[in-house]
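Close look at the chain arrangement
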Amino acid sequence: MSGARNRLTIPDLAAKKAAGERLVMVAVGEALTASWAERAGVDIVGVGDSLGMTLHGHENTLAITVDQMIMHTQAVRRGAPNTMNIVSMPYGSYATPDIAVKNAVRMMKESGADALKLQLGREGAHIISAVADAGVPVMSHVGLLPHKVHLFGGFKIQGRTAEAAMEILEDARAIEAAGAIGLEIEAMPYEVGKAVDEAVSIFTFSIGSGSAGTCQLLNGYDLLGAFDTFKPKFAKRYANLAEIATAAFADCAEDVRSGNFPDADHSYQMKPEEIERFAALCATGG
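Everything numeric here is computed off the predicted structure, so don't read it as measured data.

Considering the nonpolar core
- Of all hydrophobic cores here, the largest spans 50 residues; its most connected members are Met-107, Leu-116, Ile-128, Val-142, Leu-183 and Val-196.
- Per-element accounting of this core gives the leading share, five residues, to helix H8 (residues 162-177).
- Not counting residues within four places of it along the chain, the set of residues in contact with Ile-128 comprises Leu-118, Leu-120, Gly-121, Val-138, Ser-140, Ile-175, Ala-178 and Ala-180.
- Grouped together as the second largest cluster of nonpolar side chains are 15 residues, Leu-23, Met-25, Ile-86 and Ala-115 included.

Quick look at the structure:
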């Protein structure tokens, strides 16, 4: 566990990649878990709109709004003030260049983010360029794009064929050419993810693509075992908080129902003389 350290900067990301260093990112959505990540020495906290599923109970990420992302990012920044923060622009918030720039600038101004990430390839290079030209540190995304979950027919691995892999590679090159400072590599065979990382000079982070990329991302609620609705193949659970929490709630409920809680150790006390005086005042009506 590391102590306090300086927050990574955007130039640091390119330098870390050039030096071949490995970074760690976890996705969280509130102050408490963010504070744990910072205390543990995690390099980057991502505020992904996956919180729509982990914290809001939606079946996918599409329902989350700009206002919600700003609120969650503010909370994460308070919990992890010394850790770089990369925030997802939610579905629909970058549909055109004008919409994208308006929302990106607002998110940077209000959320405390260090960089933003959207989900566009060659087809959206002009939008990435518009956001970058507005002075916003922007990243994009290749492979499995959760904002296209319905087009993909679900959360499915991408790049299984040579032709599909080349499409991903071309998207990555277009993202860099458009002015992005980084990109996410999600849910593809390691060989494809590695080729993507080698094809661009910008920062890359990977989830579900083996060890490809400069940085490895895991959803914080997956690795903690807190979100157990389903477990992606690539997610490794380092704890089982859902079981621990469920057992704690059940133990508490049993103690309350049996009368074992609260007991004297968990109650406030009056001095005996004050109890007597209070009883006397009650008897006389005050």
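Considering unusual backbone geometry
- Note that the residue after Phe-261, namely Pro-262, is joined by a cis bond; omega there is 0°.
- Tracing the backbone shows Pro-262 in the loop between helix H11 (241-258) and helix H12 (272-284).
- Its identity as a non-glycine residue notwithstanding, Ala-187 has a phi of 55°, on the positive side.

Brief notes about the pattern of salt bridges
- Under the counting rule described, the total for this entry stands at 13 salt bridges.
- Through salt bridges with shared partners, a single ionic network connects Arg-7, Arg-77 and Asp-114.

Quick notes on the packing of helix H2 (residues 31-39) against helix H4 (residues 66-79)
- Their axes nearest at 7 Å, the elements H2 and H4 cross at an angle of 40°. Considering the angle they form, H2 stands oblique to H4. At the point where H2 passes H4, the crossing takes the right-handed sense. Where H2 approaches H4, its residues Ala-31, Ala-34 and Ser-35 are matched on the opposing element by Ala-75, Val-76 and Gly-79.
- The residue makeup of the contact of H2 with H4, split by class, is four nonpolar, two polar and no charged.

Some thoughts on the pairing of strand S5 (residues 138-143)
- Most of S5 is tucked away: six of the six residues are buried.
- Relative to S5, strand S4 (residues 115-117) runs parallel, the two being bridged by two bridges. Paired with Lys-117 across the strands is Met-139, a residue of S5.
- Both S5 and strand S6 (residues 182-186) contribute to a ladder of five bridges, which runs parallel. Within the sheet, the bridge partner assigned to Gly-143 lies in S6 and is Glu-186.

Thoughts on the sheet that holds strand S7 (residues 203-207)
- The eight strands are arranged S1-S2-S3-S4-S5-S6-S7-S8 in a closed barrel whose pairing can be described as parallel. Strand-to-strand twist across the sheet, computed as the mean angle between neighbouring axes with direction ignored, equals 25°.
- Across the sheet, helix H1 (residues 10-19) touches strand S1 (23-27), strand S2 (44-47), strand S3 (84-88), S4, S5 and S7, and the angle it forms with S7 is around 75°.

The rules behind these values
Residues numbered from 1 in each chain as written. Predicted model: local features only at pLDDT ≥ 70, side-chain atom pairs only at ≥ 80, totals over all residues. Heavy atoms only, no water. Core = buried A, V, L, I, M, F, W, Y, C linked by side-chain atoms within 4.5 Å. Buried < 20%, exposed > 50% of the residue type's maximum accessible area, 1.4 Å probe, protein only. Helix = DSSP H or I, 4+ residues; strand = E, 2+ residues; numbered from the N terminus. Contact = heavy atoms within 4.5 Å. Salt bridge = Lys/Arg side-chain N within 4 Å of Asp/Glu carboxyl O. Axes fitted to C-alpha atoms, helices over the stretch in contact; angles between N-to-C directions. Parallel < 35°, antiparallel > 145°, perpendicular 65-115°, else oblique. Left-handed = near helix turned anticlockwise from the far one by under 90°. Nonpolar A, V, L, I, M, F, W, Y, C, P; charged D, E, K, R; others polar. Pairing = 2+ DSSP bridges.

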